[in-house]
Amino acid sequence: MTAPSSTPGRVDGALRHDGIDHLPSPRPAYDVTTWQEITHLLLNLPVAVFGSVYAIVTLVTGGALALTVIGLPLLALSLLGARQLGKAERARSRALLGVRVEEPTPLPLARGGGLLQRLWMALKDPVGWRTLLYGVIRLPWGTLTFCTVLTSLLVLWPVLPYLARMLANADRAMVRVLLSPSDELERRIAELESDRGIVVDTAAADLRRIERDLHDGAQARLVSLAMGLGLAKEKLLEDPDSAAAMVEEAHGEVKLALQELRDLARGIHPAVLTDRGLDAALSSVASRCTVPVKVDVDLPTRPAPAIEGIAYFTVSELLQNISKHSRARSASVDVWRSENRLLIQVRDDGRGGAQLDAGSGMRGLAERLGAVDGLFVVDSPVGGPTVVTAELPWRDREA
């Protein structure tokens, strides 16, 4: 007695609709993926012949001419060419095998200094050497896969899909091992190079800002002050009353110049931050905000001065944005330590809609924090509230 089917409408592998039996829908024995793998395996031989000839000629010629003037430059150029072969092979594997392999970081030859430094950079390139090794070992493997698949197409076609999958998986493994970048190291080098550029650009922009503020503010005021005192000196004997008025005006100019210099110094690094730490410094910034701000700093010890400074200027910039753009009624600043990270969270009940690319300075803050392995996250739906979370690595202050 046959057990009833667990699927409604299906009996003994056939579909039943209104009492009529229908066979399952036909499907090809060789699907698209299988044909792609077969194509890749058949192309292995011509690609392997070219790659192996290139690798062997490169190594033999470069080794034979290593003692001459052209030997090492020729080998360096060959390694750069091997990078292009690896790029083409990764593209072939991506198209036919579905292997997603990151492209290696380009060699920074433009910043390599002199000719010898660039030559040495190319000669020690691990990506080029691994690609040459890939080309050498591919000739016997390409011959094996080509002959196996071609024979199976004529004789063993019923099992060819399984055989092709097994050989294609071995190809996938070779590509991942020999043609992929050194994942963590390559990625970390790229991040550090990008972060270094951001730090340099930020420092240059800060220097230009300080120079501009000095030139347009305090310096211009001091020049005017010097001219006024010179005129007062000339009139001191002839017209003492006018000279006294000019000295009084110069005294006011001195006060304004001192205030501008204090503001400029506070923008570089506030004295209260150096003397009393983040709690007092952030409270001082919050007192100048146009919105009532509650500050809560819970730190057992003070972090390193560089981290402390970045945290201060991050909160200062965020509070300026709240004053200018948020239309908030209240805000809060929370700072605490969690294991080896310094966490900052700034909230406001304003209109929201803040974005990293909205020109409000958020993008610059994200880049500055990213340059020191920090994080910057903005959660600001339209209508509010806005929550900005910043995360910095914790480093202890040296005694």
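Residues numbered from 1 in each chain as written. Predicted model: local features only at pLDDT ≥ 70, side-chain atom pairs only at ≥ 80, totals over all residues. Heavy atoms only, no water.

**Considering helix H5 (residues 160–178)**
Let me state the cut-off plainly: Starting at the N terminus, helices and strands are each numbered in turn, a helix being any DSSP run of H or I of at least four residues and a strand any DSSP run of E of at least two. Between the first and last residue of a helix there are one fewer steps than residues, each counted as 1.5 Å, and that sum is the expected span. Burial here depends on accessible area, computed with a 1.4 Å probe over protein chains only, as a share of the maximum for the residue type. Under 20% is buried, over 50% is exposed, and the range in between is partly exposed. Comment: arc refers to directions from the helix axis out to C-beta atoms.
Along its 19 residues, H5 runs 27 Å from first to last C-alpha, staying within 8% of the 27 Å computed at 1.5 Å per residue. The set of residues buried in H5 consists of Leu-160, Pro-161, Ala-164, Leu-167, Ala-168, Asp-171, Arg-172, Met-174, Val-175 and Leu-178. All buried residues of H5 lie within an arc of 160° about the axis, which places them on one face of the element. Of the exposed residues in H5, the ones pointing more than 90 degrees away from its buried face are Tyr-162, Met-166 and Val-177.

**Comments concerning the nonpolar core**
Filter applied, for reference: Only buried residues count toward a nonpolar core. Its members are Ala, Val, Leu, Ile, Met, Phe, Trp, Tyr and Cys residues joined through side-chain atoms within 4.5 Å. Note on contacts: a residue pair is in contact if any heavy atoms of the two residues lie within 4.5 Å.
Grouped together as the largest cluster of nonpolar side chains are 33 residues, with contacts concentrated most on Leu-282, Leu-319, Val-333, Val-335, Ile-344 and Phe-376. Top contributing element to this core by residue count: helix H10 (residues 305–326), with 7 residues. With near-sequence residues (within four places) excluded, Phe-376 lies in contact with Thr-314, Leu-318, Leu-356, Met-362, Leu-365, Ala-366, Leu-369, Val-388, Thr-389 and Ala-390. Ranked by size, the runner-up nonpolar core spans 17 residues in total, among them Tyr-30, Leu-97, Val-99 and Leu-178.

**As for the packing of helix H2 (residues 71–96) against helix H4 (residues 126–154)**
Using the following cut-off: A fitted line through C-alpha atoms serves as each axis, taken over the contacting stretch for helices, and the angle formed by two N-to-C directions is quoted from 0 to 180°. Orientation is classified from the angle alone, with under 35 degrees giving roughly parallel, over 145 giving roughly antiparallel, 65 to 115 giving roughly perpendicular, and any other angle giving oblique. Crossings are sorted by hand: turned counterclockwise from the far helix by less than a right angle, the near helix makes the crossing left-handed, and turned clockwise it makes it right-handed. The residue classification treats Ala, Val, Leu, Ile, Met, Phe, Trp, Tyr, Cys and Pro as nonpolar and Asp, Glu, Lys and Arg as charged. All others, Gly included, are polar.
Here H2 crosses H4 at 65°, and the two axes come no closer than 8 Å. For the element pair H2 / H4, the angle class is roughly perpendicular. In this structure, H2 crosses over H4, and the sense of that crossing is left-handed. Contact residues: Leu-75, Leu-79, Ala-82, Arg-83, Gly-86, Glu-89 and Arg-92 in H2; Val-127, Gly-128, Trp-129, Thr-131, Leu-132, Tyr-134 and Arg-138 in H4. Classifying every residue of the contact of H2 with H4 gives 7 nonpolar, 3 polar and 4 charged.

**Things to note about helix H1 (residues 32–64)**
Cut-off, in case you're wondering: Bend at a residue means the angle formed by two fitted axes: the first through the 7 residues ending at that position, the second through the 7 residues beginning there.
A rise of 1.5 Å per residue sets the reference length of H1, with its 33 residues, at 48 Å; its end C-alpha atoms lie 47 Å apart and thus fit the reference within 8%. Approximately 40° is the largest bend angle found in H1, and it occurs at Asn-44, with the proline Pro-46 only one to four residues beyond. Three or more residues of H1 are buried, namely Thr-34, Glu-37, Ile-38, His-40, Leu-41, Asn-44, Ala-48, Gly-51, Ser-52, Ala-55, Thr-58 and Gly-62. Elements in contact with the buried residues of H1: H2, H4 and H5.

**Quick notes on the sheet that holds strand E5 (residues 331–338)**
Our working rule: A pair of strands is considered paired only if DSSP assigns at least 2 bridges between the two.
Strand order in the open sheet formed by 5 strands is E4-E5-E6-E8-E7, with mixed pairing between adjacent strands. The sheet terminates laterally at strand E4 (293–298) and strand E7 (375–379), the two strands that pair on one side only. Taken pair by pair, the neighbouring strands of this sheet meet at an average axis angle of 10°, ignoring direction. Bridge count for strand E6 (residues 341–348) against strand E8 (residues 386–393) is 8 bridges, and the pairing is antiparallel. Paired with Arg-341 across the strands is Pro-393, a residue of E8. The strands touched by helix H9 (residues 278–287) are E4 and E5; relative to E4, the strand with the most contacts, the crossing angle is about 170°. Strands in contact with H10 are E4, E5, E6, E7 and E8; relative to E6, the strand with the most contacts, it is inclined by about 10°.

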